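Notes for the structure review
In case you want the letters, here they are:
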Amino acid sequence: MKYTLKHNLLYVACLSALYSVGDAYAQPLAEESEVEVVQVLGIRSSLSGALDRKRDAASVVDSITAEDLGKFPDQNIAESLQRVSGVFIDRQSGEGSKITVRGFGPEFNTVRLNNRTIATIDVGAVDIFFSSVNLSRAFDFQALAAEVLTGADVVKTPTSDLWDGSLGASINMRTARPLDNIGLHMSGSAQGRYQDLGEEWGPRFSGIVSNTFADDEMGILLAVSYEDRSSRLEESRGGPWAYYSGPTVDSEDSVEFRFPQEMGQSFTIDDRKRLSVSSTYQYEPNENIGMTVDALYVDFSRETTTQGINAPLQFPFFADVEVNENGTATSFTKTFGPVDYRFEEGGGDSETVALGWNGYLYLDNGLSFTADVSWSRAEATNAATRLQPAIKDNNPWNNPLQPGTTDNPLAGQTSPDFQNNIITWTNGDVPSWSTSLDLADPANARAHVALTPSIELEDEVFEGRFDVSYELDYGAFRGLKSGTFYSERTKSALPYNSGIYRPSNPDGPFDPGYTSAGTLFADNNFVAHFDPTDGVQAPWEAINVPNGPRPNMGGRFFSLPEDIFTSVTVPDLLGDSGADFPRSFLLTDKEGYCQAIREGSGNNDVCSSQARPDLARRVQETTYGAYVRLDLDGEFQELPWAANFGLRYVETETTASGPSVELIRIDPVDADGATSGLDYITTERQQLSADNSYSNLLPSANFKLSLSDKVDFRAAVSKVITRPNMGSITPNQSFSGLFGLSNRSSNNTDLKPFEAWQYDGSLEYYGDNGNAFSISLFYKDIDTFISETTELVPSGFSHPAFGEIIFRDTADRNRDGGSIQGYELAGLVYLDFLPGFLSNSGIQANYTFVTGQDDEAEIGNNALPLAATPGSGLEGFTPHSYNLIAFYEDESFSARISWNWRDKFLVRRSGGAGIAEHFDDYGQLDLGFGYTLSENIKLTFDVSNVLDANTIRYADVRERVILNEYTGRRALLGVRATF
């Protein structure tokens, strides 16, 4: 490790913590006095604490607080946050992983722990093409145990002292502080987790101990949690929904329709383990000086295995086609219908370490100083295996039907026993379909795809800030605060795969690639399609061509050892769907399949893992600046008011590197114009680096007027930014296409941030008995947006016969944005007016409406046939969503029932086949119960997704389903002890 200034600062901070321990114990202990502290815990205290933070905040804030030390009402912190109005969650394996606020997705929301950025990496995501290497800013809540937290604030309008970077909201998660709860406190839980699809239990443990020492001037807290769980997911895939126009096998008449290019069903076993350890040390010798040291360690691993079947339907052998009024194929027969067996492994291992120091000093003259230094690093290795044996026909080329031979295996197709696989298909959320060949017969399996990409990811963050505050008592002026800040973040990605194919056995019976295509397919190790060269016009003719192109397994030609497959029947796969599809198929032995491919192809690198530094990406982002904030309060016609005005200046500098080429020249394939082909002559791919910088001036104002002791009015205005996705600014470009269709695709290293002005207003009511109601209005005017656009630009080269070559230049670019507006309604009612035990119940509810418009969005699919356009709607914005929670709590029993619903919304304006993609509406019912056995012991039982809801992703119209996923119900049964 290189020791830089940031490491030295942390070192000094830790030394100061150690010194304070000795200093505290050197002081004489004061006489102990026994003070009985009565602490109210549970649902009501959680709701009350959240409302107190909301009302006392200097801006528009919504909060959640723990029911007890380390106890949240949901199984995941993201799922607790979705109870906040305007907050939606993205789910992975059925559980909350990322959040969207007021329509702005995970990239637009900053997430911090104790007001510090925590390095984060998605575990499990690998793009086999390495076109995207996941240099995302989005925080994955699955990596952080809820048990180490006491609450979270969703800040919807910023103040100038708040870290910038969010168009949606700034989320700050809070951990417990030992000096906030004097004395010795311990809490722990032991739970068993059950998921009905997988029918397996998994353990979940947590414990927190906190104590204060040295006359309560020093405190230490330690929290540990561990979870080991296994889940099963079931899914049906379809799409992209491609366009077909032409005759069919059974008719010469032209017919047009859209159909899924592939579809299939599968199940996934998702195993996860997470160990979280956090600790906090505090030292406050008096009320004017103090310091806090925090440490966090998270070890998170995820392993997934997917097995099932997938049918590529892109081949144009249609018969018996039925089409509805939208131009969607509702049923057809494929007279040539290959089927792939899915075997996919994913997941990865990650470690996160975070350290932080905070200190403050208050002077008697109203002047105060605070400083904060933090560092965190996350490292992960994400791996993916994609093996796809397949069936096509019953004529394997290494053992063809008579009269075929290995010199001419195509002759085997003249055998009276020859059969192509035939697929019949009927559309549905889960399609019904059948095959003519037995998918459970190992004799029908053929070699096809073998991919083993992986990627090493690292994220490192260093932050420091220094703040000075001065209390004022001059007219309406109450305080002046200013400060400076510095942040340095570095994200990097190093891909791995099987390397560039180099055959060691040119006479092998089959081949996953070939020397003539070694460069073309080197990046992602796809099993190459045959590319005729040297007069060889068919794969079987190339068998005996020395060192030349030979038959490849990509065409599903070669049989495999039958003992590497296991025939299974999964009768309950997607059993509630009502669909009829093949539920008997083959499971693949990974090592057996890989070894068979190695032996048959002569390529010992198959299924290996080799570092590809030529494909690496790295981004270093440095931000620094200063702010000033003025706090005021007073009375207006005897109505109290408070306000803050601020200005924040931030400078951003980036250095990004990635794999790219430079264009040297463009040569015509035929100079006389006989064809329009072009050869793009480029440099060898190399690591290029690019710098960028920009500055932003961000004003903010927040105002609060107390119309009565129960009613507050708030108004706010601010300018906000979100910086570009780090993966979008790494150098990368490629060239392709004929004359007239010449393309340049690239990243944009000069992107500026998203910028918007936002305006908020709210009216809030707080009753004496804890009831609360609020209505909030918001409007965001997006000045600067980022989206992928295509422009016509000169290439600087000409074709000798046709003239100037013009590029269709596609890249992310800054442009004018649109507008977002909406409102939020929230209410909390305690039903204490009801008789008897019913007076212990209550209802909490909220509703959010969001609408957006992007007039300058490129509606590129207007001209696409049989495709519905998304209009000017913005991606990711859900028009309607609501939460409804009913709860009951007395001295011994508590219950909560929660319903969360989100409307359908646009995911991508231009998805697969160029048409839009949407998420269907989704609702989930959750239950939670608690029973107190004694003053210290409580039984808990929680169930998520009680109604077994499934998620559906579809294309431009609802009947064109892309993904239908079932995640099942999840239950937690446990015991909790608090002392």
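As a starting point, this report considers the structure included with it. The structure presented is a predicted model; accordingly, all values stated were derived computationally and were not measured. (Residues numbered from 1 in each chain as written. Predicted model: local features only at pLDDT ≥ 70, side-chain atom pairs only at ≥ 80, totals over all residues. Heavy atoms only, no water.)

**Observations concerning the overall build of the protein**
Threshold: In DSSP terms, a helix is any run of H or I states spanning at least four residues, a strand is any run of E spanning at least two, and both are numbered starting from the N terminus. The contact definition used throughout considers only heavy atoms, calling two residues in contact when any of these lie within 4.5 Å. Here the Shrake-Rupley method, with its probe set to 1.4 Å, supplies the accessible areas, and only the displayed protein chains count as covering residues.
Looking only at helices and strands, one finds four helices and 49 strands in the protein. Counted over contacts in the protein with a minimum sequence separation of 6, partners at least 24 positions apart contribute 73%. Within the structure as shown, the protein displays about 40600 Å² of accessible surface, and the carbon and sulfur contribution to it stands at 54%.

**What about helix α2 (residues 43-56)?**
What sets the pattern is the α-helix's 3.6 residues per turn: residues three or four places apart point alike. Applicable threshold: What a helix is expected to span follows from its residue count: subtract one and scale by 1.5 Å. Buried residues are those whose accessible area, probed at 1.4 Å on protein chains only, stays under 20% of the maximum for their type, while exposed residues exceed 50% and partly exposed ones sit between those limits.
Taking 1.5 Å of rise per residue, the 14 residues of α2 would be expected to cover 20 Å, and the 20 Å separating its terminal C-alpha atoms lies within 8% of that figure. Buried residues of α2: Ile43, Ser45, Ser46, Leu47, Ala50, Leu51, Lys54 and Arg55, and no others.

**Comments concerning the packing of aromatic side chains**
Rules: Note on aromatic pairs: the rings of Phe, Tyr and Trp (six-membered ring only in Trp) are paired at centre separations within 6.5 Å, and the planes decide the class, stacked below 30 degrees, edge-to-face beyond 60, tilted for the rest. A ring is scored as having a charge over it whenever the NZ atom of a lysine or the CZ atom of an arginine sits within 6 Å of its centre and within 35 degrees of its normal.
For the structure on display, the rule yields 34 aromatic pairs. Arranged with centres 5.2 Å apart and planes meeting at 45°, the rings of Tyr194 and Trp201 form a pair that is tilted. For the pair Tyr830 and Phe887, a centre-to-centre distance of 5.9 Å together with 80° between the ring planes defines the contact as edge-to-face. Highlighted residues: Tyr830 in strand β39 (residues 819-830) and Phe887 in strand β41 (residues 880-889), separated in sequence by 57 residues. Using a relative accessible area of 5% as the deciding quantity, one classes Tyr830 as buried. Here the aromatic residues Trp241, Tyr244, Phe257, Phe259, Phe318, Phe332 and Trp425 are joined through ring pairs into a cluster of three or more. Looking at Arg232, its charged tip hangs above the ring of Phe267, at a distance of 4.8 Å from the centre. One Lys or Arg, Arg648, reaches over the ring of Phe485 and ends 3.8 Å from the middle of that ring.

**Regarding the sheet that holds strand β4 (residues 110-113)**
Spelled out, the test is: Pairing between strands requires that DSSP locate at least two bridges from one strand to the other. Simply put, an axis is a line fit to the C-alpha atoms, just over the touching stretch for a helix, and the angle between two N-to-C directions goes from 0 to 180 degrees.
Overall, mixed pairing links the five strands, which are arranged β1-β6-β7-β4-β5 in an open sheet. Of all the strands in the sheet, just β1 (61-65) and β5 (116-117) have a single pairing partner and so form its edges. In this sheet, strand β6 (residues 149-155) lies alongside β1 in antiparallel orientation, the contact comprising five bridges. Bridge pairing in β6 places Ile64 opposite Ala152. Along the sheet, α2 makes contact with β1, β6 and β7 (170-175), crossing β1 at roughly 155°.

**So, the pattern of salt bridges**
To be explicit about the condition: The term salt bridge refers to a side-chain nitrogen of Lys or Arg lying within 4 Å of a carboxyl oxygen of Asp or Glu.
Inspection of the entire model under this criterion finds 55 salt bridges. Ionic pairing is found between Arg116 and Asp294, a salt bridge with its closest N-O pair at 2.9 Å. In this pair, Arg116 sits in strand β5 while Asp294 sits in strand β14 (residues 289-312), placing the two residues 178 residues apart along the sequence. You can call Arg116 buried: its relative accessible area is 6%. Ionic pairing is found between Asp614 and Arg685, a salt bridge with its closest N-O pair at 2.9 Å. Taken together, the residues span a long stretch of sequence, with Asp614 in the loop between β27 (610-611) and β28 (617-636) and Arg685 in the loop between β31 (678-682) and β32 (686-706) at a distance of 71 residues. Taking relative accessible area as the criterion, Asp614 reaches 26% and is therefore assigned partly exposed. Several salt bridges share partner residues, and in doing so they unite Lys54, Asp62, Arg102, Lys156, Asp760 and Glu824 into one network.

**Section: a nonpolar patch on the surface**
Put simply, the rule is: Excluding any residue in a salt bridge, patches collect residues exceeding 30% relative accessible area, merging like charges within 9 Å and nonpolar Val, Leu, Ile, Met, Phe, Trp and Tyr side chains within 5 Å.
A grouping of Trp201, Phe893, Phe929, Tyr931, Leu933, Leu939, Phe941, Leu973 and Val975 is seen on the molecular surface, where their side chains present a nonpolar patch of about 820 Å² in accessible area. Mapping Phe941 onto the fold places it in strand β46 (residues 937-944).

**Section: empty space enclosed by the protein**
Put simply, the rule reads: Both site types are read off a 1 Å grid over the protein atoms alone. A 1.4 Å probe that fits but cannot get out defines a cavity, while an open set with protein on both sides within 12 Å along at least five of seven lines defines a pocket; lining residues have an atom within 4 Å of a point. Grid points are joined across faces, edges and corners, and a volume is the space filled by probe spheres set on the points. Just so you know the grouping, Ala, Val, Leu, Ile, Met, Phe, Trp, Tyr, Cys and Pro go in nonpolar, Asp, Glu, Lys and Arg go in charged, and all remaining residues, Gly too, go in polar.
The tally for this structure, following the rule as stated, stands at 17 cavities of 30 Å³ or more. In this structure, the largest cavity encloses a volume near 510 Å³. Leu47, Ala50, Ser63, Arg83 and Gln844 are the residues nearest the centre of the largest cavity, which is lined by 35 residues in total. Mapped onto the lining of the largest cavity, the elements with two or more residues apiece are α2, β1, β36 (754-766), β37 (772-799), β39 and β40 (841-853). The volume enclosed by the second largest cavity comes to roughly 370 Å³. Lining the second largest cavity are 23 residues, with Thr110, Arg112, Thr117, Arg137 and Arg489 sitting closest to its centre. For the lining of the second largest cavity, the secondary structure elements donating two or more residues are β4, β23 (454-474), β24 (477-497) and β28. For the lining of the second largest cavity, the per-class residue count stands at seven nonpolar, eight polar and eight charged.

**Overview of the nonpolar core**
This is how the line gets drawn: Nine residue types can take part in a nonpolar core, namely buried Ala, Val, Leu, Ile, Met, Phe, Trp, Tyr and Cys, and a core is a set of them joined through side-chain atoms within 4.5 Å.
Grouped together as the largest cluster of nonpolar side chains are 50 residues, with contacts concentrated most on Phe259, Val339, Tyr341, Trp433, Leu560 and Phe585. With four residues, the top contributor of residues to this core is helix α4 (residues 590-601). For Trp433, the contacting residues outside a window of four places in its chain are Met263, Gln265, Ile309, Ala311, Val339, Ile423, Thr424, Trp425, Asp580, Phe581 and Pro582. Ile77, Ala146, Ala223 and Val298 belong to the second largest nonpolar core, which has 35 residues in total.

**Observations concerning the state of the cysteines**
Rules: The criterion for a disulfide is a pair of cysteine sulfur atoms lying within 2.5 Å.
Scanning all chains against the criterion turns up one disulfide. In this model Cys594 forms its disulfide with Cys607; the gap between the sulfur atoms is 2.0 Å. Taking the sign of the S-S torsion, -80° for the link of Cys594 and Cys607, the bridge is left-handed. Taken together, the residues span a long stretch of sequence, with Cys594 in helix α4 and Cys607 in the loop between α4 and β27 at a distance of 13 residues. Accessibility expressed as a relative area gives 1% for Cys594, which makes it buried.

**With respect to a negative patch on the surface**
Using the following cut-off: A positive count includes Lys and Arg, and a negative count includes Asp and Glu. His and the chain ends are not counted in either. To locate a charge, the coordinates of NZ of Lys, CZ of Arg, CG of Asp or CD of Glu are taken.
On the surface, a cluster of negative charge is contributed by Glu199, Glu200, Asp271, Glu303, Asp349 and Glu351. Position of Asp271 relative to the elements: it lies in strand β13 (residues 262-286). We classify Asp271 as partly exposed; its relative accessible area is 32%.

**Considering the pairing of strand β34 (residues 733-736)**
Burial along β34 is one-sided: the face carrying Gln733 and Phe735 is buried and the face carrying Ser734 and Ser736 is not. Where β34 and strand β35 (residues 743-746) come together, four bridges link them in antiparallel fashion. Directly across from Ser736, in β35, lies its bridge partner Asn743. Connecting β34 to the antiparallel partner β35 that follows it, the hairpin turn spans six residues, and Gly737 within it adopts a positive phi of roughly 105°.

**Quick look at the sheet that holds strand β20 (residues 423-426)**
Read across the open sheet, the four strands follow the order β15-β16-β20-β21; overall the sheet is antiparallel. Edge positions in the open sheet fall to β15 (318-323) and β21 (432-435), since each of these has one partner strand only. For this sheet, the mean inter-axis angle between neighbouring strands, taken without regard to orientation, is 5°. Sheet analysis places β20 next to β21, joined by four bridges and oriented antiparallel. Bridge pairing in β21 places Trp425 opposite Trp433.

**Description of the environment of Asn399**
Examined against the element boundaries, Asn399 turns out to sit in the loop between β19 (385-391) and β20. Sequence separation between Asn399 and Gly412 is 13 residues, and the spatial gap between their C-alpha atoms is 9.4 Å.

**Things to note about unusual backbone geometry**
Here the amide bond leading from Gly239 into Pro240 is cis, since omega sits at 0°, within 30 degrees of zero. When you line up the elements, Pro240 lands in the loop between β10 (218-238) and β11 (241-248). For Asp216, which is not glycine, the phi torsion reads 60° and is therefore positive. Topologically, Asp216 is positioned in the loop between β9 (200-213) and β10. A positive phi is found at Asp320, a non-glycine position, where the angle reads about 55°. The residue Asp320 is located in strand β15 in this model.

Functional significance is not addressed by these values, which are geometric in nature.
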